[in-house]
Amino acid sequence: MSCKTILASKVSASFRNQIKEDIKERNIKPKLVGFLANEDPAAMKYAEWTSKTCAETGVEFELRKISKLELEEKITEANDDKSINGIMVYYPVFGGKQDLYLQSCVSELKDVEGLCHKFVHNVYHNIRFMDETETMKCIIPCTPLACVKILEYIGVYNPVIPYGNRLYGRTIAVINRSEIVGRPLAAMLANDGAKVYSVDVNGIQVFTRGTGIKLAHHKVEDIDATVEQIIPQCDVVITGVPTPKYKMPTSLLKDGVVAINFSSSANFEDDIKTKASIFVPSVGKVTVAMLERNLLRLHDYQNDLTEK
Ligand code: NAD
């Protein structure tokens, strides 16, 4: 068995160090405010990690525990508060469409999670800059971005191929098509050249830029296939099913597969290392590093510090 387990702490270390050095060298103190309006233990854990990582890197993090009903008003106040550089909300709050509305209440210049309409729209349309002069890169949703950084770290992105096409030739399955993680992730991977099978309870879709990656951004097709048919074709399988009951059968996986789990539950079976070449059991620490990276970027946009 020669499977290598890659921990998120290892992937996030170089990002954390870079952020820490940058903050120290420039003598700045970016401030992030997190709104916690639910009782979800996973959200609390994420808030604790965020707080710890921010303290280590020199970011000021303030967790504000509030009731659901005052969340919109508190977001608006934070949007107008010049001392705050970034705002995040621990979801789900109300669940469903009201959460989508709240995501779009966060000012796009403070949206460290990259979940407002403009940023998600830009991911779907492969628009990489916020401005016409291309000085302000778009903010990318943190967990999809963390998965991309992990794929770069382990060499699934091929650096010999030009930037923007580096997943050309790879077949990837993403098991989860939520608006927060799975669908933007499938879109980003397809925009970078991969053929992506997006699997959810209501069916399987394929995201691609077509044969020869001719399209400028991905297209989506519904396909009449089963998980049993598509998983054996995949070089990479990324899971995000939020229940411990769900297990991706090891027997379906291609020998030497790259297996990545972003769910808070273990979605692969215990014998995953008998089939995988690389196994990434969780991504949370990379997500927090991406949150801080986005915060620094927004801090510079707010202070007009972009390179012209
Ligand atoms: P969500 O509940 O919004 O979405 C889950 C999706 O999985 C839904 O679309 C659901 O239909 C789908 N699903 C459920 N059962 C399935 C099955 N058997 N096959 C295929 N799809 C199935 O949750 P989310 O926000 O996308 O988060 C998913 C998981 O990822 C959670 O465990 C969450 O804690 C975790 N998460 C991790 C990070 C991180 O950085 N580590 C960040 C966000 C979310």
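Scroll up to find the structure.
Numbering of residues begins from 1 in every chain and follows the order in which that chain's sequence is written. Given that the model is predicted, a residue must reach a pLDDT of at least 70 before its local features are reported, and side-chain atom pairs must reach 80 or more before they are shown or counted; all residues, however, enter totals for whole chains, interfaces and linings. Side-chain measures were taken over the full set of non-hydrogen atoms in the model, leaving aside hydrogen atoms and water.

Sorry, what's going on with the overall build of the chain here?
When you go through the chain residue by residue, the secondary structure sums to 9 helices and 11 strands. Atoms counted for the radius of gyration: C-alpha only. Globule rule: 2.2 Å times the number of residues to the power 0.38. Whereas a compact globule of 308 residues would reach a radius of gyration of roughly 19 Å, the chain reaches 19 Å, a difference of no more than 12%. Along the first, second and third principal axes, the C-alpha atoms of the chain reach 50 × 45 × 35 Å. Exposure is judged per residue with a 1.4 Å probe applied to protein chains only, and the accessible area is read against the type maximum: over 50% gives exposed, under 20% gives buried, and values in between give partly exposed. Relative to its 308 residues, the chain shows a buried fraction of 51%. If you take every contact in the chain between residues at least 6 apart in sequence, the share linking residues at least 24 apart comes to 62%. What counts as a helix is a DSSP run of H or I of at least four residues, what counts as a strand is a run of E of at least two, and both are numbered from the N terminus. Whether two residues touch is decided by their heavy atoms; if any such pair falls within 4.5 Å, the residues are in contact.

I would appreciate a short explanation of the site of the ligand in the present structure.
Only a single heavy atom is needed: when it lies within 4 Å of a molecule or strand, its residue is near that molecule or strand. Residues in contact with the ligand amount to 19 residues; listed here are only the nearest, Asn176, Ser178, Asp200, Ser264 and Thr287. Whenever two N or O atoms come within 3.5 Å, that pair is a polar contact, provided that in protein one can donate a hydrogen and the other can accept it, and provided that, for residues adjacent in sequence, both atoms are side-chain atoms. At 2.5 Å, a side-chain N or O of aspartate 200 approaches an oxygen atom of the ligand. Contact between the ligand and threonine 287: an oxygen atom at 2.6 Å from a side-chain N or O atom of the residue. At a threshold of 2 Å from the grid points, most atoms of the ligand map onto the largest pocket. Contributions of two or more residues to the shell around the ligand are made by strand E6 (195–200) and helix H9 (284–302). Put simply, Ala, Val, Leu, Ile, Met, Phe, Trp, Tyr, Cys and Pro go in the nonpolar bin, Asp, Glu, Lys and Arg in the charged bin, and everything else, Gly too, in the polar bin. Here the shell around the ligand is composed, by residue class, of 9 nonpolar, 8 polar and 2 charged. A pocket, in this scheme, is an open set of points on a 1 Å grid over the protein atoms alone with protein on both sides within 12 Å along at least 5 of 7 lines, while a cavity is a set where a 1.4 Å probe fits but cannot get out; residues line either one if an atom lies within 4 Å of a point. Think of it this way: a molecule belongs to a cavity or pocket when more than half its atoms come within 2 Å of the grid points there.

Looking at this structure, how should I read the side chain of lysine 110?
In this fold, lysine 110 is placed in the loop between helix H4 (96–103) and helix H5 (117–124). Although lysine 110 is buried, it makes no salt bridge; aspartate 81 carries the closest opposite charge, 5.9 Å away. Separated by 3.0 Å, the side chain of lysine 110 and the backbone oxygen of alanine 78 make a polar contact. Each residue touching lysine 110, except ones within four places of it in the same chain, is listed here: Ala78, Asn79, Asp80, Asp81, Lys82, Ile84, Asn85, Gly86, Ile87, Leu298 and Gln302. Positive: Lys, Arg. Negative: Asp, Glu. His and the chain ends are not part of the count. Should a side-chain nitrogen of Lys or Arg be within 4 Å of a carboxyl oxygen of Asp or Glu, the pair is scored as a salt bridge.

Is there a simple way to explain the pairing of strand E2 (residues 31–36) in this structure?
Remark: a regular strand shows side chains that alternate across the two faces of the sheet. Across the 6 residues that make up E2, a large majority, 6, are buried. Neither face of E2 is open: one carries Lys31, Val33 and Phe35, the other Leu32, Gly34 and Leu36, and all of them are buried. Note that E2 and strand E3 (residues 60–65) share 6 bridges and pair parallel. Its bridge partner being in E3, glycine 34 is matched across the sheet by leucine 63. Whether two strands pair comes down to DSSP finding at least two bridges between them.

Help me out: how do you make sense of the sheet that holds strand E1 (residues 4–5) in this one?
Hydrogen bonds between backbone atoms are what pair the strands of a sheet, whose relative direction is either parallel or antiparallel. Spatially, the 8 strands line up as an open sheet ordered E1-E11-E10-E9-E5-E6-E7-E8, and their pairing is mixed. Sheet topology places E1 and strand E8 (219–223) at the edges, where each strand pairs with a single neighbour. With 4 bridges joining them, strand E5 (residues 171–175) and strand E9 (residues 236–239) adopt parallel strand pairing. Considered in E9, the bridge of isoleucine 172 is made with valine 236. In the packing of helix H6 (residues 142–153) onto the sheet, contacts are made with E9, strand E10 (257–261) and strand E11 (276–280), and the angle to E9 comes to roughly 150°. Convention adopted: a line fitted to C-alpha atoms gives each axis, helices being fitted over their contacting stretch, and angles between N-to-C directions are expressed from 0 to 180 degrees.

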